[in-house]
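Structural overview
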Amino acid sequence: MNSTDDVTESKILLVEYDRLKEEQKTRIGFRDNLLYFTLAAATAVVAISARSGQSRILLSVPAICLVLGWTYLVNDEKISAIGCYVRDRLGPRLGELTSAHGAVFGWEIYHRNVAGRTVRKRIQTAVDLFTYLVLPMVCTTAFWCSVAVQPLLMLASLVQTLALAVLGWQFVRRSER
């Protein structure tokens, strides 16, 4: 018996599924930790700014939130793309090969129809917007109200505000899925 006789398309698809689910699990952990890290970093910056009395330090919070927020969004997109691929491509193909009755990888469909999912997604979007948009804008507003406002720093804060608006729009746009 040749070793290639044991390799079937269905086995290859199952290995692909395992690898995709492993990647998804890793990305979910990383994405969720980004939220905690962002809050910790912002808290540290606010504390340093308050202790030193230098409000311009607050402008690092929007920069932190932009970088980490974008990273959060990219990971969230990949997590969703993996689920979509398993649901729309991999599951149906494996179902065809095995002549399965019903959906293969049913969880990928089932969990999307659980009661309260829409409310949970909206709450998560609100948490994301608070963390990556409201929090840095509070820091920016505190900077604007301080005596440390200088033209170059004001310009930087306005650019950051525009970038935060784009990031916020991306969070809202993604929440509709």
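Structural data are supplied above this passage.
Helix and strand content of the protein: five helices and zero strands. When the helices and strands of the protein are read in sequence order from the N terminus, they spell out α-α-α-α-α. In terms of overall dimensions, the protein is more spread out than a globule: its C-alpha atoms have a radius of gyration of 22 Å, far above the 16 Å expected for 177 residues. Burial analysis of the protein (177 residues in total) assigns 32% to the buried set. The contacts of the protein with a sequence gap of at least 6 include a subset with a gap of at least 24, amounting to 76%. Of the roughly 10,900 Å² of accessible surface on the protein, a fraction of 65% belongs to carbon and sulfur atoms. One way to put it: in the protein the 20 positive side-chain charges average out to a point 10 Å from where the 15 negative ones average out.

Such a bond, covalent and formed between the sulfur atoms of two cysteines, is termed a disulfide. For the structure shown, the criterion picks out zero disulfides. Free cysteine: C139, not disulfide-bonded; nearest cysteine sulfur from C65 at 7.5 Å. The class for C139 is buried, based on a relative accessible area of 5%. The thiol of C145 is unpaired, and the distance to the nearest cysteine sulfur, on C139, comes to 12 Å. With relative accessibility at 67%, the residue C145 sits in the exposed group.

Here is what the cut-offs are and how they apply
- Residues numbered from 1 in each chain as written.
- Predicted model: local features only at pLDDT ≥ 70, side-chain atom pairs only at ≥ 80, totals over all residues.
- Heavy atoms only, no water.
- Helix = DSSP H or I, 4+ residues; strand = E, 2+ residues; numbered from the N terminus.
- Rg over C-alpha atoms; globule rule 2.2 N^0.38 Å.
- Buried < 20%, exposed > 50% of the residue type's maximum accessible area, 1.4 Å probe, protein only.
- Contact = heavy atoms within 4.5 Å.
- Areas by Shrake-Rupley, 256 points an atom, 1.4 Å probe, with all protein chains shown as cover.
- Lys, Arg positive; Asp, Glu negative; His and termini not counted.
- Charge placed at Lys NZ, Arg CZ, Asp CG, Glu CD.
- Disulfide = S-S within 2.5 Å.

Everything listed is a geometric property; what it means functionally is a separate question.
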